[in-house]
Amino acid sequence: HTQLYIGLYDMSMLRFPAAARKSSARSENPVFVRGEGTIARFFSVEATKESFESAGFSTVELRYCTVFNHNRKTGQKLKRVFVHGVFEKPNVL
């Protein structure tokens, strides 16, 4: 099972208007609501580590991964930020 975690200060996060930001009582991670009602969350490596370790995983590798997409038509350079992690679940005998 693979999940994609979008990192803090990703291009899509920076494009949200301030009015789209919602507070979340159960998370420190920024939460935004898109116009059609879907929710977007953005994660720090610290919050990701805490979440996985509280579920019993150990962290092997965890870092931000930055990818630049270049839109040739508009000339824009788009910065995408993802959280890359490798976690292990201890063997239970």
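Read on for an overview of the structure. (Residues numbered from 1 in each chain as written. Predicted model: local features only at pLDDT ≥ 70, side-chain atom pairs only at ≥ 80, totals over all residues. Heavy atoms only, no water.)

Within the protein one finds 2 helices and 6 strands. Taking as baseline every contact in the protein between residues at least 6 positions apart, the subset at least 24 positions apart corresponds to 45%. Here the protein has roughly 7,100 Å² of accessible surface; of this, 52% comes from carbon and sulfur atoms. (Helix = DSSP H or I, 4+ residues; strand = E, 2+ residues; numbered from the N terminus. Contact = heavy atoms within 4.5 Å. Areas by Shrake-Rupley, 256 points an atom, 1.4 Å probe, with all protein chains shown as cover.)

A few words on the packing of aromatic side chains. Think of a pair of aromatic rings as described by two things: how far the centres are apart, and how the planes are tilted against each other in angle. Under the counting rule described, the total for this entry stands at 2 aromatic pairs. Considering the side-chain rings of F52 and F57, the 5.8 Å spacing of their centres and the 70° angle between planes classify their relative orientation as edge-to-face. Taking the centre distance of 3.9 Å and the plane angle of 5° together, the rings of F52 and F87 count as stacked. A residue pair is termed long-range when its members are at least 10 positions apart, and F52 in helix α2 (residues 45-54) and F87 in strand β6 (residues 77-88) qualify at 35 residues. (Phe/Tyr/Trp six-rings, centres within 6.5 Å; stacked < 30°, edge-to-face > 60°.)

With that settled, consider the pattern of salt bridges. Following the criterion strictly, the structure yields 1 salt bridge and no others. Salt-bridge contacts for R63 lead to E61; the nearest nitrogen and oxygen are separated by 3.3 Å. We classify E61 as partly exposed; its relative accessible area is 32%. (Salt bridge = Lys/Arg side-chain N within 4 Å of Asp/Glu carboxyl O. Buried < 20%, exposed > 50% of the residue type's maximum accessible area, 1.4 Å probe, protein only.)

Taken together, the 2 bridges between strand β1 (residues 5-6) and β6 define a ladder with antiparallel strand orientation. When the sheet's bridge partners are listed, I6 is paired in β6 with F82. Relative to β6, strand β5 (residues 58-70) is paired through 12 bridges, and the arrangement is antiparallel. Pairing of S58 across the sheet is with E88, part of β6. The turn linking β5 back onto β6 is made up of 6 residues, and G75 within it adopts a positive phi angle of 80°. (Pairing = 2+ DSSP bridges.)

Attention shifts here to the sheet that holds β5. Taken in spatial order, the 3 strands line up as β1-β6-β5 in an open sheet, and their pairing is antiparallel. For this open sheet the edge positions go to β1 and β5, each flanked by a neighbour on one side alone. Of the strands in this sheet, β1, β5 and β6 touch α2, which is tilted by about 140° from β5. (Axes fitted to C-alpha atoms, helices over the stretch in contact; angles between N-to-C directions.)

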